[in-house]
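One letter stands for each residue in the lines below.
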Amino acid sequence: MAELRPSGAPGPAAPPAPGPSAPPAFASLFPPGLHAIYGECRRLYPDQPNPLQVTAIVKYWLGGPDPLDYVSMYRNVGSPSANIPEHWHYISFGLSDLYGDSRVHEFTGTDGPSGFGFELTFRLKRETGESAPPTWPAELMQGLARYVFQSENTFCSGDHVSWHSPLDNSESRIQHMLLTEDPQMQPVQTPFGVVTFLQIVGVCTEELHAAQQWNGQGILELLRTVPVAGGPWLITDMRRGETIFEIDPHLQERVDKGIETDGSNLSGVSAKCAWDDLSRPPEDDEDSRSICIGTQPRRLSGKDTEQIRETLRRGLEINNKPVLPPINPQRQNGFTHDRAPSRKDSLESDSSTAIIPHELIRTRQLESVHLKFNQESGALIPLCLRGRLLHGRHFTYKSITGDMAITFVSTGVEGAFATEEHPYAAHGPWLQILLTEEFVEKMLEDLEDLTSPEEGLTSSWKVPSPPPASYEAAPQWDLSLAGLNAPQFKLPKEYSWPEKKLKVSILPDVVFDSPLH
């Protein structure tokens, strides 16, 4: 629950924003992290010392539901000559460490990220005659913040978020989000570390789909070239009724060329998926700690989960040879590829890691496997094959209903425990599948119906109630159950390659919602 008030108004929910000439005694009582971010806001808006602010009535650190203590809302006049319209500028407070006393974030030093290392911003086009900013963007930001706090993973520029609903709960076509660096807010050095500012950009379904097929940064650049779709500062206009491809059909050619040249930067999705080892009798309990048996998946250890994260962080460089890290990667503090890594070593609790001690899990080579996906997840298999593996990369499905993962790798990926001699290998519940280029081409032919141009399937799942899934916020990871625009077809659907001892099933969602699938 939140309330709207001027940021300088008295009240128990938040301290007043200090003016530039605040006396030292007052400044010493004002939370240092909050003070540092306010300083950057005052630099941009010296004439708005007390903007309207949405504040959590009960703070997160007191048991409240909203992780962001405040969201300040400023009026930005833009620059008409530069095609930058007047707009409302929203800035969050709470993803970074505001207090430095461990009430929310653990202090890790001044050289690294403060808290999660970033705050969210949003720029919403101001409607004619609008005298006050709408408050719905504050709840949008709270929804994203809840996910970050619950998963303890971060966002970074280029990420895309599948929302599947108008951002303002209207009839708008703006139903998804990309993330990018705020064009005006500069990184802030606080007493508790560095804070950067990531801007939310509202996009249409077709634009998000293009970002999935290609990459988020490429679509952001196209949006910047279309004034009504965002312009230089990527300002969201909820009344925009056309996609950038409808406004300028030539932009689709640029996307198609980019996909052909670069492949896809989408390295994985949180999805409804599962896998079975068909080469092993279900009643065989030997070494049961090392594989997923039947419908009872074992839990990922912390080090396995960290390896999946490192896979996404390190193995996706377009200009470098993709590399999967060793089984026992050593975490490094600080920034990697201009982004802050996750703060926690495992998505699971210490007790879950203890279920299967990492040193007791051995990698198993499997003879035959059965992969299971829901319809949305299955619709992304062609993207995985054509946009990733044919470009020498890899793609990961991380289950949101069970503690397992499936990673497809090509022969050009180093460090994988799946090999051409043993293309199916499992480390605990993490399965790797190595596919040769020849077999990928064969699979694409057989899976042609999954790439049907029919549209119409959309999910009602939304981020404000985050799924119990991992989200490694890299520009190549999608925060969604799976893909968009999945073709409609009768389920279940089966594909089989007996000579490769591989089977793929596309199953209804209800199968994965059951405790036993």
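Note: the structure precedes this text.
The structure displayed is predicted, hence computed values, not measured ones.

Q: I tried to follow the pattern of salt bridges on my own but got confused; where do I start?
A: Opposite charge on two side chains makes pairing possible when the charged atoms of those side chains draw close. One pass over the full model with this rule turns up 17 salt bridges. Arg146 is the partner of Glu139 in a salt bridge, and the nearest nitrogen-oxygen pair spans 2.9 Å. The class of Glu139 is partly exposed, set by a relative accessible area of 39%. A residue is classified by how much of its surface remains accessible, and Arg146, at 14% relative accessible area, is buried. If you follow the salt bridges from partner to partner, you end up with Asp66, Glu139 and Arg146 in one network.

Q: Just to check I follow, could you spell out the packing of aromatic side chains for this structure?
A: The geometry of an aromatic ring pair is captured by the separation of the ring centres together with the interplanar angle, meaning the angle of the planes. Enumeration according to the criterion identifies 16 aromatic pairs in this entry. Aromatic pair Phe118 and Phe155: ring centres 6.1 Å apart, planes at 70°, arrangement edge-to-face. In this pair, Phe118 is assigned in strand β5 (residues 113–125) and Phe155 in the loop between α3 (136–151) and β6 (160–162), connecting sequence segments 37 residues apart. When sorted by exposure, Phe118 lands in the same class as Phe155, which is buried. Note on Phe395 and Tyr397: the rings are 5.2 Å apart at their centroids and 65° apart in plane angle, and the pair reads as edge-to-face. Under the relative-accessibility criterion, Phe395 is labelled buried at 0%. For Tyr397, a relative accessible area of 0% gives the class buried.

Q: Quick question: what am I supposed to make of helix α5 (residues 216–224) here?
A: Quick reminder: α-helices carry 3.6 residues per turn. Residues three or four places apart thus point the same way. Every buried residue of α5 is accounted for by Gly216, Gly218, Ile219, Leu220, Leu222 and Leu223. Looking at the buried residues of α5, the elements they touch are β7 (176–181), β9 (193–203), α4 (205–213), α6 (244–247) and α7 (250–262). Between the side-chain oxygen at the start of α5 and the backbone nitrogen of Gln217 there is a gap of 3.3 Å, and the oxygen is on Asn215.

Q: Quick question: what am I supposed to make of the nonpolar core here?
A: Across soluble globular proteins, nonpolar side chains show a tendency to be buried alongside one another. Among the nonpolar cores identified, the biggest contains 39 residues, and Leu371, Phe373, Leu385, Tyr397, Ile406 and Phe408 are the most heavily contacted of them. Among residues more than four places away in sequence, those in contact with Leu385 are Leu390, Leu435, Val440, Met443, Leu444 and Leu447. Counting 30 residues, the second largest nonpolar core, distinct from the first, contains Phe118, Leu120, Leu167 and Met238.

Q: Help me understand the pairing of strand β20 (residues 502–507), please; the structure alone is not making it clear to me.
A: Looking down a regular strand, the side chains alternate between one sheet face and the other. Most of β20 sits inside the fold, with 5 of its 6 residues counted as buried. Taken together, the 6 bridges between strand β13 (residues 369–374) and β20 define a ladder with parallel strand orientation. Counted as the bridge partner of His370 is Lys503 from β20. Looking at chain direction, strand β19 (residues 493–497) and β20 are connected through 5 bridges and run antiparallel. Note that in β20 the partner of Ser496 across the bridge is Lys503. A loop of 4 residues connects β19 with β20, the two strands running antiparallel in sequence, and Lys501 in this loop sits at a positive phi of about 55°.

Q: Before we go on, may I ask you to explain the sheet that holds β19 in this structure?
A: With mixed pairing, the 4 strands of this open sheet are ordered in space as β11-β13-β20-β19. Strands at the two margins of the open sheet, each flanked by one partner only, are β11 (273–277) and β19. Neighbouring strand axes in the sheet, compared pairwise and without regard to direction, differ in orientation by 15° on average. Relative to the sheet, helix α12 (residues 437–446) contacts β19 and β20, its axis offset from that of β19 by approximately 150°.

Q: What am I meant to see in the environment of Asn215 here?
A: Tracing the chain through its elements places Asn215 in the loop between α4 and α5. Owing to a relative accessible area of 11%, Asn215 belongs among the buried residues under this scheme. Considering only alpha carbons, one finds Asn215 and Leu266, 51 residues apart in sequence, at a separation of 6.7 Å. Not counting residues within four places of it along the chain, the set of residues in contact with Asn215 comprises Ala210 and Asn265. A polar contact of 3.3 Å, which involves the side chain of Asn215, links it to the backbone nitrogen of Gln217.

Q: What is the right way to look at the packing of α4 against α5 in this model?
A: Each pair of packed helices can be summarised by the angle the axes make with each other and by the distance between the axes. Packing of α4 against α5 leaves a shortest axis separation of 7 Å and a crossing angle of 140°. When the axes of α4 and α5 are compared, the pair comes out oblique. Facing Glu207, Ala210 and Ala211 of α4, the residues of α5 in contact are Gly216, Ile219 and Leu223. Looking at side-chain class alone, the contact of α4 with α5 contains 4 nonpolar, 1 polar and 1 charged residues.

Reading the values: the criteria
Residues numbered from 1 in each chain as written. Predicted model: local features only at pLDDT ≥ 70, side-chain atom pairs only at ≥ 80, totals over all residues. Heavy atoms only, no water. Salt bridge = Lys/Arg side-chain N within 4 Å of Asp/Glu carboxyl O. Buried < 20%, exposed > 50% of the residue type's maximum accessible area, 1.4 Å probe, protein only. Phe/Tyr/Trp six-rings, centres within 6.5 Å; stacked < 30°, edge-to-face > 60°. Helix = DSSP H or I, 4+ residues; strand = E, 2+ residues; numbered from the N terminus. Contact = heavy atoms within 4.5 Å. Polar contact = N/O pair within 3.5 Å; in protein donor to acceptor, adjacent residues only side chain to side chain. Core = buried A, V, L, I, M, F, W, Y, C linked by side-chain atoms within 4.5 Å. Pairing = 2+ DSSP bridges. Axes fitted to C-alpha atoms, helices over the stretch in contact; angles between N-to-C directions. Parallel < 35°, antiparallel > 145°, perpendicular 65-115°, else oblique. Nonpolar A, V, L, I, M, F, W, Y, C, P; charged D, E, K, R; others polar.

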